[in-house]
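# Summary of the model geometry
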Amino acid sequence: MNRTLKSTLNVALALVIALSAVVWFIPAQPVRATGVWYVAPGGYDLNNCVAPSSPCATIQAAVNKAASGNTVQVAVGSYTAAPAAAVVVTITKSLDISGGWDTAFTQQQGLSIIDGQNAKRGLDISGASVTVNMDHFQIQKGYYYSSGGPEGPSGGITNSAALTLSDSFVVKNISTIGGGIINSGILNINNSRVSGNTANGWGGGIYNTGSLTIHESELNYNKTPYSYGGAIFNRELLVISDSSITGNNAGQGGGIYNDKNLDLTNVTINENYSDSGGGGLANGMYDLAIAHLNNVTIYDNQAYMTGGGVTNSSSSQLHMRNSIISENTLKYTVYDSYDCAGTITNEGYNMIRYMNGCSFSDAVLPNLTGVGPQFSPIVAGVYSNYYPLKSTSLAINAGNPAGCLDTQGNPITTDQRGASRSDRCDIGAFEYTVPGPVSSLLIVTGDHQSVVVQHPFSVPLQVRAFDALGSPVDQANLDFTAPLSGTSGTFASNGSTTITSVTDAGGLSSPLAFSANDNPGSYHVSVAPAAGPSLIDFSFTNIGQVFLPVIYRANPADIVDEFTFTDRCGSTMITYDGNDEVR
């Protein structure tokens, strides 16, 4: 062989061997086309993160490692942004991200927190073909502010992809617009709460320019005090079902400000406030907007000037069927459009208490006006609030005889809570059902109290009884039972450790005054349906009295030795040092 050629081949072979060795020494990186990645507070971002025993420390690290279509599981804990990052988590690929896992990643038992710490944005999701599913997260304390204008990302979630958010909370975020969420893509919110968010501009809770669907969720206590849409400012498509909009605040449209297409079914809008018009809902104040209300309840909202419940502009359409607008108010009482202002497209079988500031487009289909719905006190559900109808309400069986339909003409078979609707449905978001046996109890007042022995507790004991559907149960006998002996207390009305209270039409027991006996310590008072098991307990503490000795010194020069004494619980409480000082 030619010596030069042989030398060349030898060099080439040596290079191949050397390169092979280099490749062999490079650590293999995990390739997981359909894998699961793990994140936990005690993790390390340089871990491979492919097993519960070797998790990442941050959500962002696992997202970066994951391939499109993978799953990221996140343990209970709080997760913050890297020092140089503007956002806690940024996602640009399709992923399933599941939070709230225990440290062994065997069950979901809580929430994983994405915390902006009032300095960083919480979550950014983008990409035209990106689909993300998230559940069991709390996105909180995100922050973004721009003094140059109203546009910009949200402090909480900014979405321009396709996002489904379930069993999650978006709370206490702040931004220029869309305090909790800005959506310009496709966003589905299920079994979640958007609460306590703030915007200086549009949409205290959510600013929507895409497609937004909300189901079995609550938007409460969001605010944009000087702008539009306390809970939501909608500029494209907004569909809400089986949900509530409660306690939000805005300059216009305290609950919802709609500028485009709005569809509400089985929704309660209550206790919202507007500094101008539309305490509950402002529809198209400046632009053409179309809103459909199907079995909606708009109750106890307030506006400063016009439309305490609803305001509809002359250029927009507000279609209403089988819905209630009642008991809304105006702060500036010179005006009288308490419940509504503007023209309502009549689709029949509605109930409006005050028609002073509004009118129906025609009278072809009947409505109930001048009467109220007769609600029991509001019930705070897990993810939404609702007003139960009393058995005497005129709204019962007063919906369309042909059946209650949604905007697309489909039958509405259940109410806001999921209870079945009758052949002729009730007006509003709630369907009255004859109450069944007591299934659950809710403490209204009186829990977690302490008082000195032989003194009355300051707050009376009261509970509310519900059946399995969440309807208040009236005329239910409830047995309140304190310990028979030892540390306990007695009820004022009978001097006994036990008493029976009968619930009223709203499922409320009578308020019961209760006093501590002379034994210090902690204990519980159980409450049970008559002859049934205990369903709930009150917690009390009787505090032992402290007895201070009387010390008299005829002569200030007299010396009193230092001593200690105890309270009735038997523990040393106070020391006297002989110098007129107790410590």
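Heads up: the structure comes first, above all this text.
The structure presented is a predicted model; accordingly, all values stated were derived computationally and were not measured.

### Thoughts on the overall build of the chain
Along its length, the chain carries 2 helices and 53 strands. Burial statistics for the chain: of 583 residues in total, 49% are counted as buried. If you take every contact in the chain between residues at least 6 apart in sequence, the share linking residues at least 24 apart comes to 68%.

### A short note on the state of the cysteines
Scanning the model with the defined rule gives 3 disulfides in all. Disulfide partner of C49: C56, at an S-S distance of 2.0 Å. Residues C49 and C56 are joined by a disulfide whose S-S torsion is about 100°; by sign, that bridge is right-handed. In this structure, C49 and C56 share a single accessibility class: buried. Residue pairing for C340: its cysteine sulfur links by disulfide to C358, the two sulfurs lying 1.8 Å apart.

### What about the packing of aromatic side chains?
Under the defined criterion, the tally for this structure stands at 22 aromatic pairs. On the basis of an interplanar angle of 45° and a centroid distance of 6.2 Å, the ring pair of F169 and Y383 is categorised as tilted. One end of the pair, F169, is in strand β13 (residues 169-171); the other, Y383, is in the loop between β41 (379-380) and β42 (385-386), and 214 residues separate them in sequence. An identical accessibility class is assigned to F169 and Y383; each is buried. On the numbers, 5.1 Å between centres and 25° between planes, the contact of F375 with Y387 is stacked. Of this pair, F375 sits in the loop between β40 (368-369) and β41 while Y387 is found in the loop between β42 and β43 (440-445), placing the two residues 12 residues apart along the sequence. Y387 carries the same exposure label as F375, and that label is buried. By the ring-pair criterion, three or more aromatic residues cluster together here, those being F457, F480, F491, F514, Y523, F538 and F540.

### So, the sheet that holds strand β48 (residues 498-502)
If you trace the 5 strands from one edge of the open sheet to the other, you get β44-β51-β50-β46-β48, paired in mixed fashion. Looking along the sheet, the strands with just one partner apiece sit at the ends: β44 (449-452) and β48. Averaged over all pairs of adjacent strands, the angle between strand axes in this sheet comes to 25°, irrespective of strand direction. Bridge count for strand β50 (residues 521-529) against strand β51 (residues 536-543) is 7 bridges, and the pairing is antiparallel. By the bridge assignment, G521 is partnered in β51 with N542.

The rules behind these values
Residues numbered from 1 in each chain as written. Predicted model: local features only at pLDDT ≥ 70, side-chain atom pairs only at ≥ 80, totals over all residues. Heavy atoms only, no water. Helix = DSSP H or I, 4+ residues; strand = E, 2+ residues; numbered from the N terminus. Buried < 20%, exposed > 50% of the residue type's maximum accessible area, 1.4 Å probe, protein only. Contact = heavy atoms within 4.5 Å. Disulfide = S-S within 2.5 Å. Phe/Tyr/Trp six-rings, centres within 6.5 Å; stacked < 30°, edge-to-face > 60°. Pairing = 2+ DSSP bridges. Axes fitted to C-alpha atoms, helices over the stretch in contact; angles between N-to-C directions.

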